[in-house]
Amino acid sequence: MTIKKIMVIGAGQMGSGIAQVCAQAGYKVIFNDLKPEIVRKGIEGIDKNLSRQVKKERMTNEEKDAVISRLLPSSDLQDAKEADLVIEAAVENINVKCKIFSNLDAIVPEHAILATNTSSLPITEIAAATNRPEKVIGMHFMNPVPVMKLVEIIRGLATADEVYQTIEDLTHALSKVPVEVNDSPGFVSNRVLMPMINEAIYTLYEGVATKEAIDEVMKLGMNHPMGPLTLADFIGLDTCLYIMETLHDGFGDDKYRPCPLLRKYVKAGWLGKKSGRGFYIYDESI
């Protein structure tokens, strides 16, 4: 199966990163979101990222312009009719994703593969919203996408071997490292990472140490590049809570119970770096 044109749905941070690496690898990318201005903002962000690479002399202006020229703005899902592969990077909500996949199933060509960038939701359930479950697969990129090498490739219950192989080959073409994972809540990355972050929040909640001390222990003692509370702020506390709830619901095990302090911060609108405040303050006006 040959992939020539890719649609990326979602022009947020993850979708923009995925669109960028696909365009850099030479693919035509239909870059889609609900509104043209959101797509335009996504392309401006990609242009800014690439301009930094030009400044560092890692690429030429001509190469940057060629990458941008391969991004085809779209605010109409019907544009998926030209895609060989769709990578969905919309909000992390099972109902939203199932609706998108059901709509795509009626639009894309028969040979097209539908991939989701979900970080924790069941691929099998998303695939069940289509009439082509064998062509549905998970591609979980890491943030920031242009920098991080890993892509978790998640098979649903019905995912065909040929589809898996096509996506593995594509991942190599994007200069990423594919790792095969079976469909399970949180997959590997977030099943391991999120309980660690949640436990760090519990140590703060229980007064074991200050946030700075907790982060310092993990950086200096465990050689982590970033402390777990800082990392949670960068991921988004609402996203951390959603993934912990997915793990708790999926396994029914109280070891995945979200810390009450995490819930409190999310209810307060303290979502981390994107809202200006989480465990740390990023906007002095708050």
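For every chain, the first residue of its written sequence is number 1, and the numbers climb from 1 along that sequence. Restriction of local features to residues with pLDDT of at least 70 applies here, the model being predicted, together with a cutoff of 80 or more for giving and counting side-chain atom pairs; totals for whole chains, interfaces and linings are based on all residues. With hydrogens and water excluded, all non-hydrogen atoms of the structure serve as input to the side-chain values.

- Within an unreviewed UniProt entry, the label attached to the chain reads 3-hydroxybutyryl-CoA dehydrogenase, and the organism entered is Bacillus thermotolerans.
- UniProt positions are given in the numbering used here, feature names are shortened, and annotations may be inferred rather than shown by experiment. On record in UniProt, under Pathway (unreviewed entry), the comment for the chain is "Lipid metabolism; butanoate metabolism."

Thoughts on the environment of P228
Alright, step 1. Every helix listed is a DSSP run of H or I at least four residues long, and every strand listed is a run of E at least two residues long, numbered separately from the N terminus. Looking at the element boundaries, P228 is found in helix α9 (residues 228–235).
Alright, step 2. In this structure the C-alpha to C-alpha distance between P228 and G272, which are 44 residues apart in sequence, comes to 12 Å.

Points about a nonpolar patch on the surface
Alright, step 1. Nonpolar side chains collect at one region of the surface, where M226, F234 and Y282 lie side by side and expose about 240 Å² of accessible area between them.
Alright, step 2. Along the chain, the position of Y282 falls in the segment after α11 (260–267).
Alright, step 3. Judged by relative accessible area, Y282 falls into the partly exposed class, the value being 31%. What goes into a patch is any residue over 30% in relative accessible area without a salt bridge, connected to like charges within 9 Å or, for nonpolar side chains (Val, Leu, Ile, Met, Phe, Trp, Tyr), within 5 Å. Note that accessible areas follow from Shrake-Rupley with a 1.4 Å probe, and for residues the cover is restricted to the protein chains shown. We define a salt bridge as a contact between a side-chain nitrogen of Lys or Arg and a carboxyl oxygen of Asp or Glu at a distance within 4 Å. Here's how the labels work: a residue is buried when its accessible area is under 20% of the maximum for its type, exposed when over 50%, partly exposed in between, all with a 1.4 Å probe on protein chains only.

Things to note about helix α6 (residues 161–173)
Alright, step 1. Spanning 13 residues, α6 covers 18 Å between terminal C-alpha atoms, matching the ideal 18 Å at 1.5 Å per step.
Alright, step 2. Each element contacted by the buried residues of α6 is listed here: β1 (5–9), β4 (85–88), β5 (113–116), β6 (136–141), β7 (150–155) and β8 (177–182).
Alright, step 3. Backbone geometry just downstream of α6 places S175 in the positive-phi region, at approximately 65°. An expected span of 1.5 Å times one less than the residue number is assigned to each helix. Here, two residues are considered to be in contact whenever any of their heavy atoms come within 4.5 Å of each other.

Considerations on the side chain of K135
Alright, step 1. For K135, the location among the structural elements is in the loop between α5 (123–127) and β6.
Alright, step 2. Overall, K135 belongs to the buried group, its relative accessible area being 17%.
Alright, step 3. Apart from the residues lying within four places of it in its own chain, the contact partners of K135 are E110, H111, A112, I113, L114 and V163.

Brief notes about the UniProt feature "binding site: NAD(+)" (unreviewed entry) in the chain
Alright, step 1. Per the UniProt record, "binding site: NAD(+)" (unreviewed entry) is found at G10, A11, G12, Q13, M14, G15, D33, E92, K97, S119, N143 and K274. Maximum C-alpha separation among the annotated residues is 22.6 Å over a sequence range of 265 residues, too wide for a single clustered spot.
Alright, step 2. Counting through the fold element by element, G12 comes out in the loop between β1 and α1 (13–24).
Alright, step 3. Judged by its relative accessible area of 41%, G12 is partly exposed.

Some details on the UniProt feature "domain: 3-hydroxyacyl-CoA dehydrogenase NAD binding" (unreviewed entry) in the chain
Alright, step 1. Residues annotated by UniProt as "domain: 3-hydroxyacyl-CoA dehydrogenase NAD binding" (unreviewed entry) correspond here to residues 5–183.
Alright, step 2. Here residues 5–183 runs as 40% helix and 22% strand, with 26 Å between its end C-alpha atoms.

Let's talk about unusual backbone geometry
Alright, step 1. Cis geometry is found at the peptide bond from N143 to P144, where omega equals 0°.
Alright, step 2. Along the chain, P144 falls in the loop between β6 and β7.
Alright, step 3. Residues other than glycine seldom take positive phi values, yet F187 does so here, at roughly 55°.
Alright, step 4. Here F187 shows up in the loop between β8 and α7 (189–205).
Alright, step 5. The buried category is assigned to F187, whose relative accessible area is 3%.

Side note on the nonpolar core
A general tendency of soluble globular proteins is for nonpolar side chains to be buried together.
Alright, step 1. Residues grouped as a nonpolar core are buried Ala, Val, Leu, Ile, Met, Phe, Trp, Tyr and Cys residues, joined through side-chain atoms within 4.5 Å. Among the nonpolar cores identified, the biggest contains 37 residues, and I6, L85 and I87 are the most heavily contacted of them.
Alright, step 2. Apart from residues no more than four positions distant in its own chain, L85 is found in contact with I3, K5, I6, M7, I113, A115, I167 and L170.
Alright, step 3. Core analysis: the next-biggest nonpolar cluster, separate from the first, contains 23 residues, V86, F101, I107 and I123 among them.

Let's talk about the packing of α1 against helix α2 (residues 36–55)
Alright, step 1. Relative orientation of the contacting elements α1 and α2 amounts to 60°, with a least axis distance of 10 Å. With respect to their mutual orientation, α1 and α2 come out oblique. In this structure, the crossing between α1 and α2 has a hand that is right-handed. Counting all contacts with α1, which are made through S16, A19, Q20 and Q24, the residues of α2 involved are G42, I46, N49 and L50. Between N-to-C directions, angles span 0 to 180 degrees; the directions come from axes that are lines fitted to C-alpha atoms, helices contributing only their stretch in contact. Small angles under 35 degrees read as roughly parallel and large ones over 145 as roughly antiparallel, with 65 to 115 read as roughly perpendicular and the rest as oblique. Left-handed is the label given to a crossing in which the near helix is rotated counterclockwise from the far helix by less than a right angle, and right-handed is the label when the rotation is clockwise.

Things to note about the domain arrangement of the chain
Alright, step 1. Either an automatic procedure or a domain database provided the assignment from which the domain bounds are taken. Under the domain assignment, the chain is made up of domain 1 (5–182) and domain 2 (189–275).
Alright, step 2. Computed from C-alpha coordinates alone, the two centres of domain 1 and domain 2 are separated by 27 Å.
Alright, step 3. Contacts between the two partners involve 9 residues from domain 1, matched on the other side by 5 residues from domain 2.
Alright, step 4. A quick way to say it: buried area is the sum, across both parts, of accessible area lost when two parts are put together, with a 1.4 Å probe. Considering only the surface of domain 1 that becomes buried against domain 2, E92, S119 and S120 emerge as the three largest contributors, covering 54% of it.
Alright, step 5. Linking domain 1 to domain 2 there are 0 salt bridges.
Alright, step 6. The term polar contact refers here to a pair of N or O atoms within 3.5 Å; inside protein, the definition further demands a hydrogen-donor-capable atom paired with an acceptor-capable atom, and it admits residues adjacent in sequence only when both atoms are side-chain atoms. Between domain 1 and domain 2 we count 4 residue pairs in polar contact (both at pLDDT 80 or more) in total.
Alright, step 7. Gly counts as polar in this scheme, as do all residues outside two lists: the nonpolar Ala, Val, Leu, Ile, Met, Phe, Trp, Tyr, Cys and Pro, and the charged Asp, Glu, Lys and Arg. Here the side of domain 1 that touches domain 2 is built from residues that sort into 3 nonpolar, 4 polar and 2 charged.

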